[in-house]
Structure formats: structure tokens, C-alpha cells
Amino acid sequence: RQAVGLAAVAERVRRLVSFGQLNLLAPEQWTILGQFDVILCRNVMIYFDPETKTRVVHNLLPRLCKGGYLIIGQFEQVARAESGQSASVTQISA
């Protein structure tokens, strides 16, 4: 059953997705992850100081496939220079 305002993801899609904990400041632990078309990092960096935000973005962007997207929250800000690779940093609102 679906609650109002929520959506269900098809089983064949759910099998392609995995969830886990990841230290955003320790990219050496990410070697098994591979490359991604999209990284969702919403409402995470709002808690970090500017230097830490820069480190996180520098760690995430190399994990994106060419033309990939890093999705961040509406109130998170990163310097435009951080998205200078062949990836896009996209902000979304609620």
C-alpha cells in the first residue's frame, strides 16, 4: 500500500540500489564503489563548515561518471569552482 504523497519503487529497480553508511571524508574507503550516474547528498553538508564542504565535494565528484549529477539540498551551498569537472552539481528543493 502507498501512503498519500509517497511513491513505491518497483522491485526490479530496488534490486539495483544498495544503501549503507559511508564516511564522506575518507574516500580511501570507497574503492569498491565504482562510478555513479547520480549521487544524492541532500541535507548533509548543511552541518559542515566551508572547508569540510569543499573536501566532501572534492571526494564525491571523482565518483561520478562523465556527465553525472551530484544532487544537493536547497540550502546547501558549494562554490561553483567545485563543479568544474565534467559533472553537474544540482540543487533541489522540497
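Look above for the structure.
So, here's what we can say about the structure. (Residues numbered from 1 in each chain as written. Predicted model: local features only at pLDDT ≥ 70, side-chain atom pairs only at ≥ 80, totals over all residues. Heavy atoms only, no water.)

### Details of the overall build of the protein chain
Tallying secondary structure elements over the protein chain gives 2 helices and 3 strands in all. Going residue by residue from the N terminus, the α and β elements of the protein chain occur as α-β-α-β-β. Buried positions account for 28% of the 94 residues belonging to the protein chain. Relative to all contacts within the protein chain whose residues are 6 or more apart in sequence, the contacts with residues 24 or more apart total 54%. (Helix = DSSP H or I, 4+ residues; strand = E, 2+ residues; numbered from the N terminus. Buried < 20%, exposed > 50% of the residue type's maximum accessible area, 1.4 Å probe, protein only. Contact = heavy atoms within 4.5 Å.)

### Digging into the pairing of strand β1 (residues 36–41)
Judged from the 5 bridges that link them, β1 and strand β2 (residues 64–73) form a sheet pairing that is parallel. Note that in β2 the partner of V38 across the bridge is Y69. Assessed by its sense of winding, the connection that carries the chain from β1 through helix α2 (residues 50–60) to β2 is right-handed. (Pairing = 2+ DSSP bridges. Right-handed = clockwise from strand over helix to strand, strands pointing away.)

### Structural notes on the nonpolar core
In this structure, L24, W30, I39, C41, M45, V56, V57, L60, L61, L64, L70 and I72 together form the largest nonpolar core, which totals 12 residues. Not counting the four nearest positions on each side in its chain, W30 is found in contact with L22, N23, L24, N59, L60 and R63. (Core = buried A, V, L, I, M, F, W, Y, C linked by side-chain atoms within 4.5 Å.)

### Concerning α2
All of the buried residues in α2 are T52, K53, V56, V57, N59 and L60. Along α2, the residues classed as buried sweep out an arc of 160° about the axis, all on the same side. In α2, the exposed positions that point more than 90 degrees away from the buried face belong to P50 and E51. Residues of α2 that are buried sit in contact with β1 and β2. Structurally, the start of α2 carries an N-cap: the backbone nitrogen of E51 is 3.0 Å from a side-chain oxygen of D49. (Arc of directions from axis to C-beta. Polar contact = N/O pair within 3.5 Å; in protein donor to acceptor, adjacent residues only side chain to side chain.)

### A look at the pattern of salt bridges
As enumerated under the stated definition, the model contains 1 salt bridge in all. Of the charged contacts in the structure, one is a salt bridge between E11 and R14, with a shortest N-O distance of 2.6 Å. With E11 and R14 both in helix α1 (residues 11–14) and 3 residues apart, this pair spans about one turn of that helix. (Salt bridge = Lys/Arg side-chain N within 4 Å of Asp/Glu carboxyl O.)

### A short note on the environment of H58
Mapped onto the fold, H58 is located in helix α2. Sequence spacing of H58 and L25 is 33 residues, and the spatial spacing of their C-alpha atoms is 9.6 Å.

### Regarding the environment of N43
Here N43 is to be found in the loop between β1 and α2. Distance in space between the C-alpha atoms of N43 and I71 is 9.9 Å, their sequence separation being 28 residues. Ignoring anything within four residues of it in the chain, the contact list for N43 reads G73 and E76.

These values are about where atoms sit, not about what they do.
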